[in-house]
Amino acid sequence: MAAAHPTASIAWAYLAEAAFGAEETIAAYAYARTGYHRGLDQLRRNGWKGFGPVPYGHEPNRGFLRCVAVLAKAAKAIGETDEYARCLDLLEDCDPRAAEALGVG
């Protein structure tokens, strides 16, 4: 799916979640980082300035937020505490309910 739709963060989120579930932490981190950047591109094209709400309840935002969540989990697993904290802060800034909905925190 990601090869057919490389700009779709949701495709990268599925890959990241599957890799993390299979304990392939570095692959999960890489997939999540790719999806995170693809999601940022999409958000910016739609007028987001790097701050403000990105509601989890809005379906098109979920791929991006899911990637941030896996990135946080993978960062924590490899001991990258600064990245883990940045991801938690980003999720909180985007939607205070997102981290809990995505099982991060």
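Bear in mind the structure is a predicted one, so any value in this text is a computation, not a measurement. (Residues numbered from 1 in each chain as written. Predicted model: local features only at pLDDT ≥ 70, side-chain atom pairs only at ≥ 80, totals over all residues. Heavy atoms only, no water.)

1. Notes on the overall build of the protein chain
The cut-off we apply is this: Note on conventions: DSSP H or I runs of at least 4 residues are helices, E runs of at least 2 residues are strands, and numbering of each starts at the N terminus. For a compact globule the rule gives 2.2 Å times the number of residues to the power 0.38, and the radius of gyration it is set against comes from C-alpha atoms. Burial classes follow relative accessibility: with a 1.4 Å probe on protein chains only, a residue under 20% of its type's maximum area counts as buried, one over 50% as exposed, and anything between as partly exposed. Only heavy atoms enter the contact rule, under which two residues are in contact if any of them lie within 4.5 Å. Surface accessibility in these figures is a Shrake-Rupley result with a 1.4 Å probe; residues are shielded only by whichever protein chains are displayed. Just so you know, the count uses Lys and Arg for positive and Asp and Glu for negative, and it drops His and the chain ends. A single reference atom marks each charge: NZ on Lys, CZ on Arg, CG on Asp, CD on Glu.
Within the protein chain one finds five helices and zero strands. For the protein chain, the N- to C-terminal ordering of α and β elements is α-α-α-α-α. Taken over C-alpha atoms, the radius of gyration comes to 12 Å for the protein chain, in line with the 13 Å a tight globule of 105 residues would show. Taken along its principal axes, the extent of the C-alpha atoms in the protein chain is 35 × 30 × 20 Å. In the protein chain, which comprises 105 residues, the proportion classed as buried is 40%. For the protein chain, long-range pairs separated by at least 24 residues make up 60% of all intrachain contacts whose partners lie at least 6 apart in sequence. Per element, the accessible surface of the protein chain, about 5,900 Å² overall, is 54% carbon and sulfur. In the protein chain, the 11 positive side-chain charges and the 13 negative ones have mean positions that sit 6 Å from each other.

2. Quick notes on the packing of helix α3 (residues 62–77) against helix α4 (residues 81–94)
This is how the line gets drawn: Note on definitions: angles span 0 to 180 degrees between N-to-C directions of axes, and those axes are lines fitted to C-alpha atoms, for helices only across the stretch in contact. Reported orientations rely on four angle classes, namely roughly parallel under 35 degrees, roughly antiparallel over 145, roughly perpendicular from 65 to 115, and oblique for the rest. For any pair of crossing helices, the crossing counts as left-handed if the nearer helix is rotated counterclockwise from the farther one by less than a right angle, and right-handed if it is rotated clockwise. Residue type decides the class: Asp, Glu, Lys and Arg count as charged, Ala, Val, Leu, Ile, Met, Phe, Trp, Tyr, Cys and Pro as nonpolar, and the leftover types, Gly among them, as polar.
Viewed as axis vectors pointing N to C, α3 and α4 meet at an angle of 155 degrees, and their least axial separation amounts to 8 Å. With respect to α4, the element α3 is oriented roughly antiparallel. As α3 packs across α4, the resulting crossing turns out to be left-handed. Contacts from Phe64, Leu65, Val68, Ala69, Leu71, Ala72, Ala75 and Lys76 of α3 reach α4 at Glu83, Tyr84, Cys87, Leu90, Leu91 and Cys94. By residue class, the composition of the contact of α3 with α4 is 12 nonpolar, no polar and two charged.

3. Some thoughts on the pattern of salt bridges
Under the convention used in this document: By convention in these notes, a salt bridge is any Lys or Arg side-chain nitrogen within 4 Å of a carboxyl oxygen on Asp or Glu.
If you walk through the whole model with that rule in mind, you get five salt bridges. Where Glu17 meets Arg66, a salt bridge forms, and the shortest distance between an N and an O atom there is 2.5 Å. One end of the pair, Glu17, is in helix α1 (residues 9–21); the other, Arg66, is in helix α3, with 49 residues separating them in the sequence. By relative accessible area, Arg66 is classed as buried at 14%. In this structure, the salt-bridge partner of Arg86 is Glu83, at a minimum N-O distance of 2.7 Å. Taken together, the residues span about one helical turn, with Arg86 and Glu83 both in helix α4 at a distance of three residues. Residue class for Glu83 comes out buried when judged on its relative accessible area of 6%.

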